[in-house]
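Letter by letter, the chains look like this.
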Amino acid sequence: MNARTNHVAPGESKPKTGAIDAACARYGYGKASMRRIAAEAGAVIRVGRTVRFNFDRIDRYLDQISGE
């Protein structure tokens, strides 16, 4: 199986969604904490067996709980 690559369009700095590994790398949390945060933020997207996380919703949720 070929490895996946994330392509970023010109003018777009970060992808809007990503898998658990991308979310963990972006936010610096472990998988269990990232799943919990994403669920609390309502940022879990399921399509078939694929699970993605909406980074915009997670960003807003983290800003909200941090007091910004």
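Residues numbered from 1 in each chain as written. Predicted model: local features only at pLDDT ≥ 70, side-chain atom pairs only at ≥ 80, totals over all residues. Heavy atoms only, no water.

Observations concerning the pattern of salt bridges
Formally: A side-chain nitrogen of Lys or Arg and a carboxyl oxygen of Asp or Glu constitute a salt bridge if their distance falls within 4 Å. Secondary structure elements are taken from DSSP: a helix is a run of H or I of four residues or more, a strand is a run of E of two residues or more, and numbering for both begins at the N terminus. Partly exposed describes any residue whose relative accessible area lies between the buried limit of under 20% and the exposed limit of over 50%, with all areas from a 1.4 Å probe on protein chains only and scaled to the type maximum.
In this structure the tally under the stated criterion is four salt bridges. For Asp-56, the salt bridge goes to Lys-16, with nearest N and O atoms at 3.6 Å. Of the two residues, Asp-56 sits in helix H3 (residues 55–66) while Lys-16 sits in the segment before strand S1 (17–18), which places them 40 residues apart along the sequence. Its relative accessible area of 34% is what places Asp-56 among the partly exposed residues. In this structure, Lys-31 and Asp-21 form a salt bridge, with 3.5 Å as the shortest nitrogen-oxygen distance. Of this pair, Lys-31 sits in helix H2 (residues 31–41) while Asp-21 sits in helix H1 (residues 20–27), and the two are ten residues apart along the sequence.

By themselves these figures say nothing about function.
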